[in-house]
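Spelled out, the chains give:
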Amino acid sequence: MWEVTRKGLLAHKFRLLLTSISIVLGVGFVAGTFVFTDTIGSVFDHLFTQTTSGTDAVVRAKLPFKVSSAGSNSQADRAPVPDSLVPVVRSTDGVADAQGSVSGYALVIGKDGKAIQGQAPTLGVSWGSIPRFAKSFNVEQGARPTRPDEVGLDQTTADKAKVRVGDTVHVDFLTVAPQDFKVSAVFKFGDAGNLAGATLAAFEPTTAQRVLNKVGVWDEVDAAAKSGVSQAGLRDNLRAQLQRTGLTDRYETITQKALAKETANTIKQGLSFFNTFLLIFALVALFVGAFIIYNTFSIIVAQRARELGLLKAVGASGRQVTWSVAVEALATGVFSSIVGLAFGIFVASGLQGLLKSFGVDLPSGGIVLKPRTVIVAIILGIVVTLVSALSPARRAARVPPVAAIQDHAVTPTSGCRRYVIGGIVTGVGVVLLFLGLFANVKSSDFPGGAGGLVGVAAFLVFVGVAMLSPVIAGPAALALGWPSAHIRGVTGELARENAARNTRRTASTAAALMIGLALITFVSTFGASAKKSFADAIDRTNRADFQLAGKHFGGFAPPAAQTARQALPGGTVVEFREGAWQYNGAGKQLVGSTADLGQVVDIKLRSGADLNGFATTGVLVYKDAAKSNKLKVGQTLPMRFSATGVKQIPIRGIYDDNKGLGVNFTSYILSLRDYEANYTTQLDLGTAVRKPSAMSASAARAALDKAMTAFPNVDVQDNAQAKDAQLSQFNTIINLMGALLLLAIIIALIGIVNTLALSIYERTREIGLLRAVGMTRRQMKRMVRSEAVIIAVFGTLLGVVIGLLFGRAIVASLHNDGIVFAVPVGQIVGFVILAALAGLFAGTFPARRAANLDILKAISTD
Amino acid sequence: MPGADTKVASHAVDITKVYGKGDTAVRALDGLSIEVPSGRFIAIMGPSGSGKSTLLHCLAGLDRVTSGQIFLEEQEISAISEKDLTLVRREKMGFIFQAYNLIPMLDAEENILLPLKLAGKEPDRDWFDRVVDTVGLRDRLRHRPDELSGGQQQRVAVARALVTRPAVIFADEPTGNLDTKASAELLGFISDAVEEFGQTVVMVTHDPLGASRSERVVFLVDGKIVDEMPKPTPDKILDRMKELGD
Ligand SMILES: Nc1ncnc2c1ncn2[C@@H]1O[C@H](COP(=O)(O)OP(=O)(O)O)[C@@H](O)[C@H]1O
Ligand SMILES: [Mg+2]
């Protein structure tokens, strides 16, 4: 028995290879994701150990609450510590040395007037005189800045700004006026050119305090231990010292190791989200691969009916026959998992190169391959292959011995039971989908919460529809083949008949494609709906004429808004900042803004609001938040800020429309005065401008443009530009998802190649006959390609329909968020056309095989 | 030898066909020449492995000879491209194989008309009707191959071969899979076609009764023509076959 299986495997190396590709790609994606995120994680570990090297413990202000990371744009706002804490730390037992350090926003402007800025933060930091604390500044050129007009730059930033030691650069800050500095040093950060893509401008400590708006205070005090004192020992001593001086309730101490870990963990949290995000797409790819495996093995079993029948006739049991198929699946699984793992490692190293080209210079450090990655990749690959081959293998056991002697032996089918099960699976999927979308499922009810449930539901719907789809595959193939039959004559006719004759095969080949297309259609439909709703909200609520926006969607310093105000006397300029706060123990988001925000965005403030009061202090509350928390105008709201603790803020008004306040749809608007008093960082995330009514739009634009030349990182946008900029964010996300789903579609196309190649092998005799009676090679190629197109279009249409239904359902569930349904008709038509072309392409290779078949071999009867 | 006024439908001049190389080389055809006059029914007989199928395939342009020339009417087909050969086959030759002659998803009529459709030609309805009536398939035209008996399937193949009015029909043991009665019927249709339509037919067969319907039997041994028998009868054929030691 094993001998037969082994020989069979070796005889079909090519088939094994083609089948493997689908799993190789899926497993590769999974492994690549793990390797990539692990590698980045270790890089950050390394990086943060480096940033704090030389320090053994840190004393800093306590954080009154943990800022929820989800959806927050705010930096963790820890209160500063006073200068006076430094001598307290320095005089502690076991402390060899101590220094205060600060960091904050500093934007370097290059020689050509361009801001040096990427996706990462632009940082200004202090560079103290004590060498042991400055180890991470790896000076390449020049010396530490010691004067108020000197700055040190990291290598990458210096290169981008095209400056060297001795040159002058312009630096922008949040609160103080921009200033020219002489470059005194160019340094590497540890062994990397920069700090994970961030730009670094290092100043002498007192200068750093001044330009970063931290006169007299520090972010933290760094302490170095005397030799013989451990980090933990130092921490304990510092704690005791704080206790003694009565400062424990305000300050805390943390060892350097713990700090590095804490910082790296914040990054890793972000990474783990990214990891999950990528894994979802990897699993989709594997799922599609599973269809290909199922299909291939079904065809193999059908083709081997004669051989399997013979095995049974000579006494093999059904079980042995099943095993012989299962072993082939196992071999395929093992082979593809190992190749997939290697492929994943290869892809991950490629991604790292990609990051570098985006300006993120990661310190050297090899690829991280954890045992977990190997285990998950191998097991996943093998299990998916085995499970997919299970049903074909069991079918093999039911091949009757007479199959050996009959020419047209019917392979056993599961008949209508399949459709009953398919119907049930689809039904359960749909019910779960609706539960997930509308029933407010929490993560305590189901792993992954509503998202997880919807994922499982989608999986079930796909499997169910795939089981049901043979019912419509026949008629659909005939209908879709109609054009080809009429344009291409008899070859088209034959292609159509071929697609229609084995409905199951056509259906499951198409189903693989359906999944990718359904998800892409869903993403683009949902994206189009969100985009339309967002655009509608802007149209409805916007009253501004211009927007000031930071490049790269980063924030910018408040002086820009101030300058705009001076440039347009009689106009309105409204700042928007974002922040996190806490109420009743729950983390919340807010927007800080001014009392005249109604001039630029229509929030439908209810009557009775006190905007005069709001100008000095107060909060405006969205109607739903007001209702659920029973808040009324005139009450005070106990708002807890991370830098300043709980503040009683008077409620000045209730508003009815929050859709114009950016994608976060914030429910709380804090007076800018309160914002300034309670947040350490003052960063404008957007500023809206309304021109004086007497001024023409073009004159206002010219005045603004002129005023903003001093702020190279700020863009002036009119309404159309602002809308485009906002909406382009959606496009970026949709395109990213589309790109990730492309892999699933490529795998499905490989499935079409595989199915057709196997079908052609099966139809060898028929093809020989067609050629003998006069079908030219060209006609043969056309016939096979047409069949591929019919299958591809069928899968695409199924996918588009399901994707639209998914999109419709999810939009309905978000009805309360004001999302309306929109269908990207052009895009969907594009998908169908592309799918047809892709089918044509997928058919090319099997078509060539068919055309090149040796006629004689094909028709010889023995 | 045919007279000067008789047209030649197919002829081969000194052809050899060698399969494989070196020690394992098999000389399936060994310097063989044959001429098939137009409008005649020729049978090819010989022991198994004597090269009958190979000869037929080479004459029909399904296979290439190792040396020598093959002509169809005036055209040399041993030297033309694969593509032109396909077109020649489509226009000028008909085929009947031992089995699996039909495309399973096409019905009888569609199978019969397939070569014409592939050529993009409109079928001549009168001719089609005559052919169909000749092979007695009138009431089976809408049936698919798996709904037809073996004999009916072969009759569809005969009709398909006839419908293009080819210069020659090549048949390789067309009755090999049929019972005696169906065999006799099929051979009847084939000889009717020769008589009624002047169709040229070259048929390989094992069956002396079948071969006796032809005008001339060619005997093949080891890739060479060893004998020819005009106006054969079953008894004469049987005797000769015994001599040849089949
Ligand atoms: N494709 C092939 N490869 C190698 N040898 C072949 C091939 N086809 C036929 N032969 C050999 O050529 C000889 C003639 O075969 P064939 O024409 O099929 O004989 P027949 O039809 O008279 O039984 C035989 O010895 C056979 O083994
Ligand atoms: Mg033969």
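Quick caveat, the model's predicted, so the values are computed rather than measured. (Residues numbered from 1 in each chain as written. Chains lettered and ligands numbered in written order. Predicted model: local features only at pLDDT ≥ 70, side-chain atom pairs only at ≥ 80, totals over all residues. Heavy atoms only, no water.)

Quick look at the nonpolar core now. In this structure, Phe462(A), Leu494(A), Ile515(A), Ile752(A), Leu62(B), Leu114(B) and Phe170(B) are the most contacted members of the largest nonpolar core, which totals 157 residues. Taken domain by domain, the makeup of this core includes at least three residues from each of domain 2 (416–468) and domain 3 (472–543 + 720–862) of chain A. Excluding residues that lie within four positions of it along the chain, Phe462(A) makes contacts with Phe287(A), Phe291(A), Met514(A), Ile515(A), Ala518(A), Leu519(A), Ile802(A) and Phe806(A). In this structure, Ala57(A), Val88(A), Val108(A) and Val151(A) belong to the second largest nonpolar core, which totals 40 residues. (Core = buried A, V, L, I, M, F, W, Y, C linked by side-chain atoms within 4.5 Å. Buried < 20%, exposed > 50% of the residue type's maximum accessible area, 1.4 Å probe, protein only. Domains from an automatic or database assignment. Contact = heavy atoms within 4.5 Å.)

Residue and element names in this part refer to chain B. The 4 strands are arranged S2-S1-S4-S5 in an open sheet whose pairing can be described as antiparallel. Only two strands of the sheet have a single partner each, and these edge strands are strand S2 (26–37) and strand S5 (75–76). Relative to strand S4 (residues 67–72), strand S1 (residues 8–19) runs antiparallel, the two being bridged by 5 bridges. By the bridge assignment, Thr16 is partnered in S4 with Ser67. (Pairing = 2+ DSSP bridges. Helix = DSSP H or I, 4+ residues; strand = E, 2+ residues; numbered from the N terminus.)

Further remarks concern helix H22 (residues 764–772) of chain A. Working note: α-helix, 3.6 residues per turn, so residues spaced by three or four point in the same direction. Residue and element names in this part refer to chain A. For H22, the buried fraction is high: 7 of the 9 residues fall into the buried class. Among the residues making up H22, those that are buried are Glu766, Ile767, Gly768, Leu769, Leu770, Arg771 and Ala772. Of the residues flanking the end of H22, it is Gly774, one or two places downstream, whose phi is positive at about 115 degrees.

Moving on, we get to the environment of Ile603(A). Residue and element names in this part refer to chain A. Structurally, Ile603 is set in the loop between strand S16 (586–593) and helix H17 (611–616). Residue classification places Ile603 among the buried residues on the basis of a relative accessible area of 4%. The spacing of Ile603 and Thr541 is 62 residues in sequence and 7.0 Å in space, taken between C-alpha atoms.

Our next topic: the domain arrangement of chain A. Residue and element names in this part refer to chain A. Considered domain by domain, chain A is made up of domain 1 (67–231 + 238–245), domain 2 (416–468), domain 3 (472–543 + 720–862) and domain 4 (557–712). Computed from C-alpha atoms alone, the centre-to-centre distance between domain 3 and domain 4 is 49 Å. Taken together, the 10 residues of domain 3 in the interface contact 13 residues of domain 4. When the two sides are added together, the surface that domain 3 and domain 4 hide from each other amounts to roughly 950 Å², 49% of it contributed by carbon and sulfur. Together, Phe534, Thr541 and Arg543 form the three largest contributors to the area buried by domain 3 at its contact with domain 4, with a combined 58%. Counting across the interface, domain 3 meets domain 4 through 5 residue pairs in polar contact (both at pLDDT 80 or more). Among the elements that take part in the side of domain 3 that touches domain 4, helix H15 (residues 503–541) stands out by supplying 4 residues, more than any other. Across the side of domain 3 that touches domain 4, the residue classes tally to 3 nonpolar, 4 polar and 3 charged. (Buried area = accessible area lost by both parts, 1.4 Å probe. Polar contact = N/O pair within 3.5 Å; in protein donor to acceptor, adjacent residues only side chain to side chain. Nonpolar A, V, L, I, M, F, W, Y, C, P; charged D, E, K, R; others polar.)

Quick look at the site of ligand 1 now. Residues and elements named next belong to chain B. Surrounding ligand 1, one finds Tyr19, Val26, Ala28, Pro47, Ser48, Gly49, Ser50, Gly51, Lys52, Ser53 and Thr54. In the model, an oxygen atom of ligand 1 is placed 3.3 Å from a nitrogen or oxygen of the Ser50 main chain. Between ligand 1 and Lys52, the relevant distance is 2.9 Å, taken from an oxygen atom to a main-chain nitrogen or oxygen of the residue. Elements with a contribution of two residues or more to the shell around ligand 1: S2 and helix H1 (52–59). Top contributing element to the shell around ligand 1 by residue count: H1, with 3 residues. For the shell around ligand 1, the per-class residue count stands at 4 nonpolar, 6 polar and 1 charged. (Near = heavy atom within 4 Å.)

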